[in-house]
Amino acid sequence: MERYLCIHGHFYQPPRENPWLETVEVQDSAYPYHDWNERITAECYRPNAAARLMNKAGKIAGIFNNYAHMSFNFGPTLLSWMEENEPGTYELIIAADKLSRERFSGHGSALAQIYNHVIMPLAAPRDKRTQVVWGVEDFRKRFGRDPEGMWLPECAADSETLDILAEHGIAFTILAPWQGTHIRRIGGAAEWQEVEWGAIDTTIPYRCTLPSGRSITLFFYEGSTAYAIAGAGLLKRSDAGDAFVERLTGIFKPGSAPVQLAHIANDGESYGHHHKFGDMALAYCLHTIESKGLAKLTNYAEFLEKHPPTHEVRLRENSSWSCVHGVERWRSDCGCNSGQFPRWHQKWRRPLRDALDELRDELIPAYEHDMRDYVRDPWAMRDAYIGCILDRSRENVDRFISRHALWALSAEETTRVLKLLELQRHAMAMYTSCGWFYDEVSGLETVQVMKYAARAMQRAAELFGYSLEPNFITDLEKAPSNYDAHAAESYERLVVPSKVDLSRVTAHYAIASLFKEAPEHMKIYNFTLESAPYRRMKSGKFTLATGIVHTAADFTRERATKCFAVLHFGDHSFKTGIRDFSAGDGFAAISGSIIAAFERGAATEVMRIIEKHFGATNYSLAHLFRDEQRKIIDHILESTHTGIEAEFREIYERSSPVMNFLSALEIALPPVMRVAAEHIINVDMKRGLSAEAVDTERLDRLIKESRRWGIPLDTEALSYLVPRWLHAAMERIVRDCGRNGDGREGAILENASAVAGLVAPLDLAMNLWLPQNSYFLLRETFYPGIRKKAAEGDPAARRSAEAFGRLGSYLNIDVS
């Protein structure tokens, strides 16, 4: 029997972008990382590109690229974020597909994915087509080839969706074992045989003939092993790697088909995020199976080329991998949920989908009618718009418009066409499956899809002159919440405050300009702002700025000119006025009167003039976008922090002898001493790890004091900072010290090994992926030269080699 093995990882995150700013704002729950995308990249996506292989002594002996040895897909929206924010990891993923082509007979291991992760059986036919087109084109742009397979979100399938896949050149997809109902051998007069739920033979591929006469190959993954990994704790076992190997090789059926494929499919986040060290278990499994010849590693496309289907299958329509009721999890209170809140209901699911369907159906004719005034085929243009999403450059967008427009459009017409396309983009994004998967309508993922709906409705109001929001809110009143009375309250509380228009962007600019070095030009996410004239002046604790701001939306080229005046009182309080500007409206005189009052020190009069000429609406720090809001709050509180730190430092330094005395007698420290010591010790440790060279004597003293006095350390922050400092130290050696060292490397290695040794007993939950990678690079390129010089009697090289060995030991790497 020929034994083949394939592990598929579906790597995806719910979208987290602010739909108005097109960026992921800071998420406190991901601390010490900026957001959850960044955190999961560090825990999963990056480690799987260079997973660790351990020797018998438990030391890291090698690095293994899991992606190049498995099958995988990444959500297009996740890759878009990664390309901009984690380019190193992004390039490793793209490179892994190229490596897999070399391993698997020219077939890359990456699969395409439906673009917005929508549940395809529940999507409108036209949206199904666009989602496939966008997913295929996104894949081509990133991986430089046509996709052979495509991942369906939640494996949710119906015949129409499969037909669209086949129409667009997709050869295969992956489904759960209960999604096939009948099978028969291809050719001859074999009868269809009904398959019991989940009992289909998963070791062979199947051809599925579609209503159009096209066909597609279906691979049904082995369900029990996939569940053991995702939900039954296999990866949490101490022998996870060996158990993984045993489960996979146990899929083969002796005496059955002469050629068998053992394969599973899971959320890729199982390998490192959901299960710590899951990436290492996966690497061990793949390496062991390959090195011991237990099976031949393959991917689906290679296996399909070598072993086409001998059987055909009938699809269980409207089925998925995570709902035993079909696709009801995404439209009804079917009982499928996370299990975290057993008494909660999901009665909100159907009314939410109905509300979105009604909104979508209102937008379709409006879009089509309006767009036909400018272009030949509105829907072909929407399909092709993925080219602009992938390349927002002005030249590319101009070429796109000229290909589809009926004539050379004016600037205003171009803006209208782009806003119509953006409306459709958000109207599809509001069906992202995560919005229904979890338990509560006010949860993050469901609020996110309502935000996409709000953005689409805002576009519609701008384009068509009427609001669809009142009817939408009425529909949401039919969706009961487990917290609020209904979803409409969640919408008002969590979605409405997130809305952004050009006035709010201008207000953000006005307030942020008070704290910028060169405020006349500012890029705020997907908006570009220019201010001329701009005046800023300070008097005591007060700061005033006035100006005229030209704001442009980068995606749609929408423009607005507004004037503003903002008075900062020196703390968290502002008086801000924003209004539309037009030539001859007297702003110069108004600005002059505001400035004159400010120069007289008449702050009350400044506020009165602003309110008189700009209205009572006042923008504050609460209206700033979150990342800039944090920076400004930190700036405002800097003097307060400095003062508090000085007072705490005085208490800490004055009380240290007393604290030592009390701790020796095992007497609890007075609260004020404990609070002061905790603040100073943690501040100084974090500050020390931001320096190029760490003062290890002081670090040692701080650690000893924390132990002696029972002071808790900020272990989350230290777990984040230490690996990055070690990585930066080794990067300096690569950058500055030459291939064989120039003498400077000794001090860096001594400092790095000392830091690693001091923090080792703290039992920090450190992700050492970055410094370990840097160490491996040095081991291959730098260390041999140092070792040679040490063997020749160079004392400095000997010290460097010894420090390098100590550092490797702390990083758990085999240096031999």
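That block above? That's the structure.
Everything quoted here is computed from the prediction, not taken from an experiment.

What counts, and at which threshold
- Residues numbered from 1 in each chain as written.
- Predicted model: local features only at pLDDT ≥ 70, side-chain atom pairs only at ≥ 80, totals over all residues.
- Heavy atoms only, no water.
- Helix = DSSP H or I, 4+ residues; strand = E, 2+ residues; numbered from the N terminus.
- Buried < 20%, exposed > 50% of the residue type's maximum accessible area, 1.4 Å probe, protein only.
- Contact = heavy atoms within 4.5 Å.
- Areas by Shrake-Rupley, 256 points an atom, 1.4 Å probe, with all protein chains shown as cover.
- Pairing = 2+ DSSP bridges.
- Phe/Tyr/Trp six-rings, centres within 6.5 Å; stacked < 30°, edge-to-face > 60°.
- Lys NZ or Arg CZ within 6 Å of the ring centre and 35° of its normal.
- Axes fitted to C-alpha atoms, helices over the stretch in contact; angles between N-to-C directions.
- Salt bridge = Lys/Arg side-chain N within 4 Å of Asp/Glu carboxyl O.
- Expected span 1.5 Å × (residues − 1).
- Core = buried A, V, L, I, M, F, W, Y, C linked by side-chain atoms within 4.5 Å.
- Patch = residues over 30% accessible without salt bridge, like charges linked within 9 Å, V, L, I, M, F, W, Y side chains within 5 Å.
- Left-handed = near helix turned anticlockwise from the far one by under 90°.
- Nonpolar A, V, L, I, M, F, W, Y, C, P; charged D, E, K, R; others polar.

K.L.:
Help me understand the overall build of the protein in this model?
P.N.:
Along the protein, the regular secondary structure elements total 30 helices and 19 strands. Projected onto its principal axes, the C-alpha positions of the protein cover 100 × 80 × 55 Å. The burial tally for the protein puts 57% of its 816 residues in the buried class. Within the protein, counting contacts between residues at least 6 apart in sequence, those at least 24 apart form 69% of the total. Carbon together with sulfur atoms contributes 51% to the accessible area of the protein, which is approximately 33,800 Å² in total.

K.L.:
Would you explain the sheet that holds strand β9 (residues 193-194) in this entry?
P.N.:
What links the strands of a sheet is backbone hydrogen bonding, and the strands pair in either a parallel or an antiparallel sense. Pairing within the open sheet is mixed, and its 6 strands lie in the order β7-β11-β10-β14-β8-β9. Where the open sheet ends on each side, the last strands, each with one partner, are β7 (172-175) and β9. Judged from the 4 bridges that link them, strand β10 (residues 206-209) and strand β11 (residues 215-220) form a sheet pairing that is antiparallel. Counted as the bridge partner of R207 is T217 from β11.

K.L.:
Explanation requested: the pairing of strand β16 (residues 527-539) in the structure shown.
P.N.:
Regular strands place side chains that alternate from one sheet face to the opposite one. In the sheet, strand β15 (residues 521-524) pairs with β16 via 4 bridges, with the strands oriented antiparallel. Opposite K523, over in β16, you have T528 as the bridge partner. Pairing geometry for β16 and strand β17 (residues 542-553), over 11 bridges, is antiparallel. Opposite S531, over in β17, you have V549 as the bridge partner. Here β16 folds back onto β17 in antiparallel fashion, the turn holding 2 residues, of which G540 has a positive phi close to 65 degrees.

K.L.:
For this particular structure, what's the right way to read the packing of aromatic side chains?
P.N.:
Pairs of aromatic rings are described using the distance from one ring centre to the other and the angle between the two planes. On inspection of all chains with the given rule, the structure shows 37 aromatic pairs. Ring plane angle 55 degrees and centroid distance 6.2 Å describe the contact between Y374 and W407, whose orientation is recorded as tilted. Of this pair, Y374 sits in the loop between α11 (349-371) and α12 (378-384) while W407 sits in the loop between α14 (394-404) and α15 (411-429), and the two are 33 residues apart along the sequence. Assessed through its relative accessible area of 13%, Y374 is described here as buried. Three or more aromatic residues joined by ring pairs form one cluster here, namely F11, Y45, Y67, F72 and F74. We note R579 situated over the ring of F614; from NZ or CZ to the ring centre the distance is 5.7 Å.

K.L.:
It is not clear to me how the side chain of R425 should be interpreted in this structure. Could you clarify?
P.N.:
Following the sequence through the fold, R425 ends up in helix α15. Judged by its relative accessible area of 14%, R425 is buried. Dropping the residues within four chain positions of it, R425 is found in contact with E22, W134, Y385, I389, R392 and F555.

K.L.:
Any chance you could explain unusual backbone geometry here in plain terms?
P.N.:
The bulk of non-glycine residues show a negative phi, and the bulk of peptide bonds are trans. For the peptide bond that leads from Y31 to P32, omega is 10 degrees, which places it in the cis range. Within the element layout of this structure, P32 appears in the loop between β1 (2-11) and α1 (36-45). Of note in this structure, D763 is not a glycine but carries a positive phi near 55 degrees. Residue placement: D763 occurs in the loop between α27 (745-759) and α28 (769-781). The backbone of N812 shows a phi angle near 65 degrees, a positive value even though the residue is not glycine. Locating N812 in the fold gives a position in the segment after α30 (795-810). Overall, N812 belongs to the partly exposed group, its relative accessible area being 27%.

K.L.:
Looking at this structure, I do not really get the environment of L567. What am I missing?
P.N.:
As for its position among the elements, L567 is in strand β18 (residues 559-568). C-alpha separation for the pair L567 and A510, spaced 57 residues apart in sequence, amounts to 9.7 Å. With near-sequence residues (within four places) excluded, L567 lies in contact with F542, T543, L544, S573, F574, K575, F598, A603, V606 and M607.

K.L.:
Help me understand the sheet that holds β17, please; the structure alone is not making it clear to me.
P.N.:
The strand order across the open sheet formed by 5 strands is β15-β16-β17-β18-β19, and the pairing between neighbours is antiparallel. In this open sheet, the two edge strands, each paired with only one partner strand, are β15 and β19 (574-580). Across the sheet, the mean angle separating the axes of adjacent strands is 25 degrees when strand polarity is ignored. Strands in contact with helix α22 (residues 603-614) are β17, β18 and β19; relative to β19, the strand with the most contacts, it is inclined by about 25 degrees.

K.L.:
Before we go on, may I ask you to explain the pattern of salt bridges in this structure?
P.N.:
Oppositely charged side chains can form a pair if their charged atoms are brought close together. Applying the stated criterion across every chain yields a total of 55 salt bridges. Between R459 and E558 there is a salt bridge, with its nearest N and O atoms 3.9 Å apart. One end of the pair, R459, is in helix α17 (residues 444-464); the other, E558, is in the loop between β17 and β18, and 99 residues separate them in sequence. Considered together, R459 and E558 belong to a single accessibility category, that of buried residues.

K.L.:
Any chance you could explain α28 here in plain terms?
P.N.:
For an α-helix, 3.6 residues make a turn, and residues three or four places apart therefore share a direction. The terminal C-alpha atoms of α28, which comprises 13 residues, lie 18 Å apart, in line with the 18 Å expected from a rise of 1.5 Å per residue. Of all the residues in α28, the buried ones are W769, P771, Q772, S774, Y775, F776, L778 and R779. Lining the buried residues of α28 we find β2 (51-54), β3 (60-64), α4 (87-103), α26 (715-736), α29 (783-791) and α30.

K.L.:
Please clarify how the nonpolar core should be interpreted in this entry.
P.N.:
Most often, soluble globular proteins have nonpolar side chains that are buried together. Core analysis: the biggest nonpolar cluster contains 193 residues, and I7, Y67, F74 and F244 have the highest contact counts within it. Among the elements that take part in this core, α17 stands out by supplying 10 residues, more than any other. Setting aside residues up to four positions removed in sequence, I7 forms contacts with M70, S71, F244, L248, I264, Y271, L282, C285 and L286.

K.L.:
Explain a nonpolar patch on the surface here, please?
P.N.:
Nonpolar side chains collect at one region of the surface, where F661, L665 and I667 lie side by side and expose about 300 Å² of accessible area between them. Its location among the elements puts L665 in the loop between α23 (626-664) and α24 (671-688). Classification of L665 by relative accessible area gives partly exposed; the value is 48%.

K.L.:
It is not clear to me how the packing of helix α3 (residues 76-85) against helix α5 (residues 125-143) should be interpreted in this structure. Could you clarify?
P.N.:
Two quantities define a packed helix pair, namely the angle between the axes and the distance from one axis to the other. At their nearest, the axes of α3 and α5 sit 11 Å apart, and the two run at 35 degrees to each other. As for the relative orientation of α3 and α5, their crossing is left-handed in sense. Residue-level contacts link P76, L79, S80 and E83 of α3 to D138, K141, R142 and F143 of α5. Looking at the contact of α3 with α5 residue by residue, the class counts come to 3 nonpolar, 1 polar and 4 charged.

K.L.:
What is the right way to look at the pairing of strand β12 (residues 259-267) in this model?
P.N.:
Most of β12 sits inside the fold, with 8 of its 9 residues counted as buried. Pairing of β1 with β12, which is carried by 9 bridges, proceeds in the parallel orientation. Within the sheet, the bridge partner assigned to H8 lies in β12 and is A265.

K.L.:
Just to check I follow, could you spell out the environment of W348 for this structure?
P.N.:
Here W348 lies in the loop between β14 (311-315) and α11. When its relative accessible area of 0% is taken as the criterion, W348 is described as buried. Sequence-wise, W348 and V496 are 148 residues apart; in three dimensions their C-alpha atoms are separated by 19 Å. If near-sequence neighbours (up to four positions away) are discounted, W348 is found in contact with G435, W436, Y438, D439, E440, V441, T446, A479, P480 and N482.

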